[in-house]
Amino acid sequence: MKNYALRLSYLGTAYHGWQRQKNGRSIQQCIEEAVKKTCSVDTHVSGCGRTDAGVHAEGYVASVKMDCSIPLDRLPFALNARLPDDIVIHEAHEVPMDFDARFSCIRKEYTYRIHNSPTRDPFLTDRAYFYPQHLDEQRMIEAARHFVGVHDFSAVRSIGTPVRSPVREIYYLDVERRGDLIEIFACANGFLYNMVRAIAGTLVFVGNGKLDPESIPAILASKDREQAGPTAPACGLYMTALDYGMEAINVISKHR
């Protein structure tokens, strides 16, 4: 038996997130079915994160332990032939047996995209959060700085999977505008449930004047979800970079 790391990307619009669900199709289910059809094995595929329904991944890593006779360089092509068009495996690597896509990850980057324009763009439907009211990105940049560092992020998370601690470290939280597209780049050693979407919603409230940039430290200190902005829609969220400390496995950020 060998342990494989698969680098893939997907559009999450048609799926109920990464993890298998009783009430809808998931990315994990599709890949496990493709592995079974391709390699004739029933096995568990571990993902680097439990992305929600509608969330996308430009860079994602999954790991799977199995016996498979297909050569490593041909494995992505063989699996892709069994996958829908909106899920693509780009590379396969043999990794140590103790490697796990989720628990071996050192840090992750998510990108949140906002289409800030008076009119919709049909090519960004389900690919970005359409927000027609003008957002002041300079105010958002000022507010974003206050999230960087080690904090209790209870004020910007939803109740979901129990965690030992709500404390995380954000290494950078950058806000950039390119025309009508505002991108929020968040990199941390881990994220709480809906944390990035709640931060994005809070920055939107700052950008439209409902919150002051200097209010962020007090919001974080309150640990009160009601003090922060709303949870932004899933369609704008992408997993974009992963650091495993292994050059071949890392998904490199296009932002940095």
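For the structure itself, consult the block above.
A brief report on the enclosed structure follows. Here the structure is a predicted model, which means the values were calculated and not measured.

**Remarks on the nonpolar core**
Link 1 in the chain: If you look at the biggest cluster of nonpolar residues, it comprises 77 residues, and the most contacted ones within it are L75, I114, F147 and L203.
Link 2 in the chain: Discounting chain neighbours no more than four positions away, the residues touching I114 are Y129, Y131, L135, M140, D180, L181, I182, I184 and V204.

**Considerations on the packing of aromatic side chains**
Link 1 in the chain: Here the structure, examined in full by the defined rule, presents 6 aromatic pairs.
Link 2 in the chain: Measuring from ring centre to ring centre gives 5.7 Å for Y129 and Y131, while their planes differ by 70 degrees; the resulting arrangement is edge-to-face.
Link 3 in the chain: On the accessibility criterion, Y131 (11% relative accessible area) is buried.
Link 4 in the chain: Geometry around Y171 places R107 over its ring, the cationic atom sitting 5.2 Å from the centre.
Link 5 in the chain: A cation sits over an aromatic face here: R113 above Y238, 4.3 Å from the ring centre.

**Things to note about the side chain of S46**
Link 1 in the chain: Among the structural elements, S46 can be located in strand β2 (residues 45-47).
Link 2 in the chain: With relative accessibility at 11%, the residue S46 sits in the buried group.
Link 3 in the chain: Within the structure, the side chain of S46 is placed 3.1 Å from the side chain of D100, a separation counted as a polar contact.

**Let's talk about helix α3 (residues 137-144)**
Link 1 in the chain: When we look at burial in α3, the residues that qualify are E137, M140, A143 and A144. One face of α3 carries all of its buried residues, which in axial projection span an arc of 115 degrees.
Link 2 in the chain: Where α3 is buried, its residues contact β5 (107-115), β8 (167-178), β9 (181-188), α4 (195-207) and α5 (216-222).
Link 3 in the chain: Taking the backbone nitrogen of Q138 as reference, a side-chain oxygen 3.0 Å away marks D136 as the first, capping residue of α3.

**Focus on the layout of surface pockets**
Gaps left between atoms show up when a probe the size of a water molecule is rolled over them.
Link 1 in the chain: The calculated volume of the largest pocket comes to roughly 990 Å³.
Link 2 in the chain: Elements with a contribution of two residues or more to the lining of the largest pocket: β5 and α4.
Link 3 in the chain: Its residues placed into classes, the lining of the largest pocket shows 16 nonpolar, 13 polar and 9 charged.

**Overview of unusual backbone geometry**
Link 1 in the chain: Residues other than glycine seldom take positive phi values, yet D126 does so here, at roughly 65 degrees.
Link 2 in the chain: Tracing the backbone shows D126 in the loop between β5 and β6 (129-130).
Link 3 in the chain: On the basis of relative accessibility, which here comes to 37%, the residue D126 falls in the partly exposed class.
Link 4 in the chain: Phi angles above zero are rare outside glycine, and K223 is one such case at about 60 degrees.

**Overview of the pairing of strand β10 (residues 237-243)**
In the case of a regular strand, side chains alternate between the two sheet surfaces.
Link 1 in the chain: Counting buried positions along β10 yields 6 of 7 residues, so the element is predominantly enclosed.
Link 2 in the chain: Across 2 bridges, the pairing between strand β3 (residues 56-66) and β10 is parallel. Within β10, the residue paired with A57 across the bridge is M239.
Link 3 in the chain: Relative to β10, β5 is paired through 6 bridges, and the arrangement is antiparallel. Residue pairing in the sheet places Y112 in a bridge with L237 of β10.

**Observations concerning the state of the cysteines**
Link 1 in the chain: The full count for this structure, using the stated rule, is 0 disulfides.
Link 2 in the chain: Free cysteine C30: the closest other cysteine sulfur is in C39, separated by 16 Å.
Link 3 in the chain: Overall, the relative accessible area of 2% leaves C30 in the buried class.

**Quick notes on the environment of D212**
Link 1 in the chain: Inspection of the secondary structure assignment puts D212 in the loop between α4 and α5.
Link 2 in the chain: As for D212 and M140, which are separated by 72 residues in sequence, their C-alpha atoms are 9.3 Å apart.
Link 3 in the chain: Leaving out residues up to four positions away in the same chain, D212 has contacts with R139 and V206.
Link 4 in the chain: Here the side chain of D212 touches E214 through a polar contact of 2.8 Å, landing on its backbone nitrogen.

The rules behind the values
Residues numbered from 1 in each chain as written. Predicted model: local features only at pLDDT ≥ 70, side-chain atom pairs only at ≥ 80, totals over all residues. Heavy atoms only, no water. Core = buried A, V, L, I, M, F, W, Y, C linked by side-chain atoms within 4.5 Å. Buried < 20%, exposed > 50% of the residue type's maximum accessible area, 1.4 Å probe, protein only. Contact = heavy atoms within 4.5 Å. Phe/Tyr/Trp six-rings, centres within 6.5 Å; stacked < 30°, edge-to-face > 60°. Lys NZ or Arg CZ within 6 Å of the ring centre and 35° of its normal. Helix = DSSP H or I, 4+ residues; strand = E, 2+ residues; numbered from the N terminus. Polar contact = N/O pair within 3.5 Å; in protein donor to acceptor, adjacent residues only side chain to side chain. Arc of directions from axis to C-beta. 1 Å grid on protein atoms, 1.4 Å probe; cavity = no way out; pocket = protein on both sides within 12 Å on 5 of 7 lines; lining within 4 Å. Points joined across faces, edges and corners; volume = space filled by probe spheres on them. Nonpolar A, V, L, I, M, F, W, Y, C, P; charged D, E, K, R; others polar. Pairing = 2+ DSSP bridges. Disulfide = S-S within 2.5 Å.

Without other data, these values stay purely geometric and don't point to any function.
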